[in-house]
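# Structural description and commentary
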Amino acid sequence: MPQTQTTPAPGAPVALIPVLQDNYVMVWHDGRRAVVVDPAVAGPVIHWLEQHGLELEAVLQTHHHSDHIGGTPGLLRRWPQAAVVAAGADRERIPLQTVAVGDGDRLTLLGQELTVMAVPGHTRHHLAFHVPGIDALFCGDTLFAGGCGRLFEGTAEQMHHSLQRLAALPAATQVWCAHEYTEANLRWAAAQRPADGAIAARLAEVRRLRFTGQPTIPSTVALERTTNLFVQAPDGASLALLRESKNHWSG
Ligand code: ZN
Ligand code: FE
């Protein structure tokens, strides 16, 4: 059985399937039906759903990169009726989408209301999906635990705005990002702010989790507000400097 973690959220838990080098595929399910977020690959996801007796209802795509959509064709071969929810503005790069969405759209999945948020920066049409009923945020490569995505297509100002929107969600919201980058992010943050006790404490906890082979995901909005330097950046210019620093950091 693949290494997985299931949060004990009653009614609609979320599980993580680690794939490739450091990707996570998220499975949100109600015990019968499943919604899969950013399937990098299909095989381990099909295996996990079949093992847990789940039928795929929908795939959520945060953005077009192959390590987020690469498994979708395989999932559709196994569950042809599943919906594929993605940015309508990115139809050319996410061609298998069947439900085109944009900022502010609301959908009901597994009996829960989901809100779509446009969060450009990493890519120009990157989306995040907020499900208030299960306190979950699926944010792809925009907000990471202790970090943020690289600015491939957007500006630092856009990323700043996107992170501020996500950080304004309720403090208890669980942050399900798509990569296990947390330890490197916090080692970098601790090097920038050596006197910051909250960052040091989080780094120690993250190291303990990684040393014992456990994921550091989900994070929470509260934890990101107190320990994520990109979330704390006062403006786009400050975020740009942090991003440059992190890009070139090899500590
Ligand atoms: Zn990406
Ligand atoms: Fe990615």
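Here the structure is a predicted model, which is why all the values come from computation and not from measurement.

Let's shift gears to the coordination of the zinc ion (ligand 1). Summarising the metal site, the zinc ion (ligand 1) is bound by the protein donors His63 (NE2), His65 (ND1), His122 (NE2) and Asp141 (OD), whose distances to it range over 2.2 to 2.3 Å. Mapped onto the sequence, the residues coordinating the zinc ion (ligand 1) show the spacing H-x1-H-x56-H-x18-D. Between the zinc ion (ligand 1) and the iron ion (ligand 2), the interatomic distance is 3.2 Å, and Asp141 donates to each metal, bridging them. Residue His122 is located in the loop between strand S9 (112-118) and strand S10 (127-131), and its partner Asp141 is located in the loop between strand S11 (136-140) and strand S12 (143-144); the two are separated by 19 residues in the primary sequence. Residue class for His122 comes out buried when judged on its relative accessible area of 4%. Overall, Asp141 belongs to the buried group, its relative accessible area being 4%.

With that out of the way, let us pick up the nonpolar core. Within the largest apolar cluster, 55 residues are counted, with the highest numbers of intra-cluster contacts made by Trp28, Leu60, Leu114, Phe138 and Leu166. No other element matches the five residues that helix H4 (residues 156-167) contributes to this core. Setting aside anything within four residues of it in sequence, one finds Leu114 in contact with Trp28, Leu60, Asp105, Arg106, Leu107, Leu109, Phe129, His130 and Val131. Within the second largest apolar cluster, 21 residues are counted, among which are Val19, Val36, Leu56 and Val84.

Take the packing of aromatic side chains next. Two numbers describe a pair of aromatic rings. These are the distance of the centres and the angle of the planes. Taken as a whole, this structure holds three aromatic pairs when the rule is applied. Relative to Phe230, the ring of Trp188 lies with its centre 5.2 Å away and its plane at 20°, an arrangement referred to as stacked. Here Trp188, found in helix H5 (residues 182-192), pairs with Phe230, found in helix H8 (residues 229-232); they are 42 residues apart in sequence, far enough to count as distant. As far as the burial class goes, Trp188 and Phe230 line up, both buried.

The residue after Ile217, namely Pro218, is reached through a cis peptide bond having omega 5°. Tracing the backbone through its elements, the reader meets Pro218 in the loop between helix H6 (197-211) and strand S15 (219-220). Positive phi, close to 55°, is recorded for Asp38, a residue that is not glycine. When you line up the elements, Asp38 lands in the loop between strand S4 (33-37) and helix H1 (43-51). According to the relative accessible area criterion, Asp38 is buried, its value standing at 0%.

A few words on the coordination of the iron ion (ligand 2). Asp67 (OD), His68 (NE2), Asp141 (OD) and His179 (NE2) make up the full set of protein donors to the iron ion (ligand 2), lying at 2.1 to 2.3 Å. The coordination sphere of the iron ion (ligand 2) comprises four donor atoms, whose angles at the metal cover 83 to 170°; the geometry is irregular.

The N-to-C vectors of H5 and H6 enclose an angle of 150°; their axes lie 9 Å apart at closest approach. As judged from the angle between their axes, H5 and H6 are roughly antiparallel. For the pair H5 and H6, the sense of crossing is left-handed. Across the interface between the two elements, Thr182, Glu183, Leu186, Arg187, Ala189 and Ala190 of H5 pack against Ile199, Arg202, Leu203, Val206, Arg207 and Arg210 of H6. Its residues assigned to classes, the contact of H5 with H6 comprises six nonpolar, one polar and five charged.

Rules and cut-offs
Residues numbered from 1 in each chain as written. Chains lettered and ligands numbered in written order. Predicted model: local features only at pLDDT ≥ 70, side-chain atom pairs only at ≥ 80, totals over all residues. Heavy atoms only, no water. Donors = N, O, S within 2.8 Å, 3.2 Å for Na, K, Ca; no water. Helix = DSSP H or I, 4+ residues; strand = E, 2+ residues; numbered from the N terminus. Buried < 20%, exposed > 50% of the residue type's maximum accessible area, 1.4 Å probe, protein only. Core = buried A, V, L, I, M, F, W, Y, C linked by side-chain atoms within 4.5 Å. Contact = heavy atoms within 4.5 Å. Phe/Tyr/Trp six-rings, centres within 6.5 Å; stacked < 30°, edge-to-face > 60°. Tetrahedral: all angles 85-135°; square planar, octahedral: opposite > 155°, others 65-115°. Axes fitted to C-alpha atoms, helices over the stretch in contact; angles between N-to-C directions. Parallel < 35°, antiparallel > 145°, perpendicular 65-115°, else oblique. Left-handed = near helix turned anticlockwise from the far one by under 90°. Nonpolar A, V, L, I, M, F, W, Y, C, P; charged D, E, K, R; others polar.

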